[in-house]
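Tertiary structure, described
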Amino acid sequence: MKLILGSASPRRKDLLAQLGVVPDAILPPDIDEDPKPRELPRPYCARLAREKAAAVAADPDDIVLCADTTVALGRRILGKPADAGEAAAFLTLLGGRRHQVITAVAVRRGARLWSREVVTDVKMKRLSDVELNSYLASGEWQGKAGGYAIQGLAGAFIPWISGSFTGVVGLPVAETAALLAAAGYPLYGETA
Ligand SMILES: Cc1cn([C@H]2C[C@H](O)[C@@H](COP(=O)(O)OP(=O)(O)OP(=O)(O)O)O2)c(=O)[nH]c1=O
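Note that the structure is a prediction, hence the values are computed from the model and not measured.

Some thoughts on the UniProt feature "site: Important for substrate specificity" (unreviewed entry) in the protein chain
UniProt's feature table lists "site: Important for substrate specificity" (unreviewed entry) at Arg11, Thr69 and Gln151, given in the numbering used throughout. Considering the C-alpha atoms alone, the annotated residues occupy 141 residues of sequence yet fold into one spot, their largest mutual distance being 14.2 Å. Following the sequence through the fold, arginine 11 ends up in helix 1 (residues 10–18). For arginine 11, a relative accessible area of 24% translates into the label partly exposed. With residues up to four places along the chain from it excluded, the contact list for arginine 11 reads Gly143, Lys144, Gln151 and Val169. With respect to the element layout, threonine 69 can be found in strand 3 (residues 63–73). Among the residues examined, threonine 69 registers a relative accessible area of 17% and is labelled buried.

Set out below in structure tokens:
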């Protein structure tokens with residue numbers, strides 16, 4: 001049995017390391033991340049995590065771990081901004097409001113799948129022009145859902161969250177540990 005992390009995200013590898021888990025292989029899946037017409041954020045996020053897990057080639061006994069993080073403003077999905085202009089638009093929408101960050105985790109072993117969605121409420125302060133421009137110049141918005149990363153400079157913009165900090169960063173570690181254990185991964189050294 002091998003553990004395969006199906007993710008190109010260095011954050012997910014680091015969060016897995018927090019559980020003492022080092023994947024045997026990292027095989028990022030390549031799937032279409034476009035939402036379907038009228039698709040809501042939570043089902044969208046859950047679908048992407050499952051599709052990522054299905055897209056990673058693995059032996060029947062291997063455990064594949066994938067996740068997707070989606071920022072939701074009401075029914076609206078804010079993906080990874082294409083450019084600084086879109087990042088500015090997202091941060092302007094998010095400032096002064098509460099939004100949700102959903103991370104769906106999918107663990108697959110052969111044809112069996114275990115999955116969960118973790119939803120965290122996040123409040124972002126309204127950003128001044130100086131704050132917004134300095135954040136855009138930092139480049140930290142690149143590759144981040146909603147155009148920000150709570151674990152970096154944008155932490156200064158977030159006075160309150162309710163839910164899972166590690167979920168916002170990209171992999172909710174408590175729920176991930178439970179899913180890995182369900183799939184028979186020897187998380188605490190015990191043999192499955
Ligand atoms: C909101 C938020 C998102 N993010 C990141 C986590 C995810 O890497 C990214 C959302 O994109 P995802 O599509 O979930 O993941 P990814 O493309 O980085 O990697 P892969 O699909 O190969 O697993 O946004 C943060 O790092 N901090 C945050 O505060």
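After presenting the structure, the write-up continues.
Observations regarding the environment of aspartate 34
Secondary-structure assignment places aspartate 34 in the loop between strand 2 (25–26) and helix 2 (41–55). What makes aspartate 34 exposed here is its relative accessible area of 54%. Aspartate 34 sits 103 residues away from alanine 137 along the chain, and the two C-alpha atoms are 27 Å apart. Beyond its immediate chain neighbours, meaning those up to four positions away, aspartate 34 contacts Tyr44 and Arg47.

Structural notes on the packing of aromatic side chains
Taken as a whole and judged by the stated rule, the model has one aromatic pair. Directly above the ring of tryptophan 160 sits arginine 98, whose terminal nitrogen or CZ lies 4.2 Å from the centroid.

Here we look at the nonpolar core
In this structure, Leu16, Leu91, Val107, Tyr135, Tyr148 and Leu180 are the most contacted members of the largest nonpolar core, which totals 44 residues. Excluding residues within four positions of it along the chain, leucine 91 makes contact with Met124, Leu127, Leu132, Tyr135, Leu136, Gly146, Gly147 and Tyr148. Counting 11 residues, the second-largest nonpolar core is a separate cluster that includes Ile4, Val56, Val64 and Cys66.

How each quantity is defined
Residues numbered from 1 in each chain as written. Predicted model: local features only at pLDDT ≥ 70, side-chain atom pairs only at ≥ 80, totals over all residues. Heavy atoms only, no water. UniProt positions renumbered as here; feature names shortened; annotations may be inferred. Helix = DSSP H or I, 4+ residues; strand = E, 2+ residues; numbered from the N terminus. Buried < 20%, exposed > 50% of the residue type's maximum accessible area, 1.4 Å probe, protein only. Contact = heavy atoms within 4.5 Å. Phe/Tyr/Trp six-rings, centres within 6.5 Å; stacked < 30°, edge-to-face > 60°. Lys NZ or Arg CZ within 6 Å of the ring centre and 35° of its normal. Core = buried A, V, L, I, M, F, W, Y, C linked by side-chain atoms within 4.5 Å.

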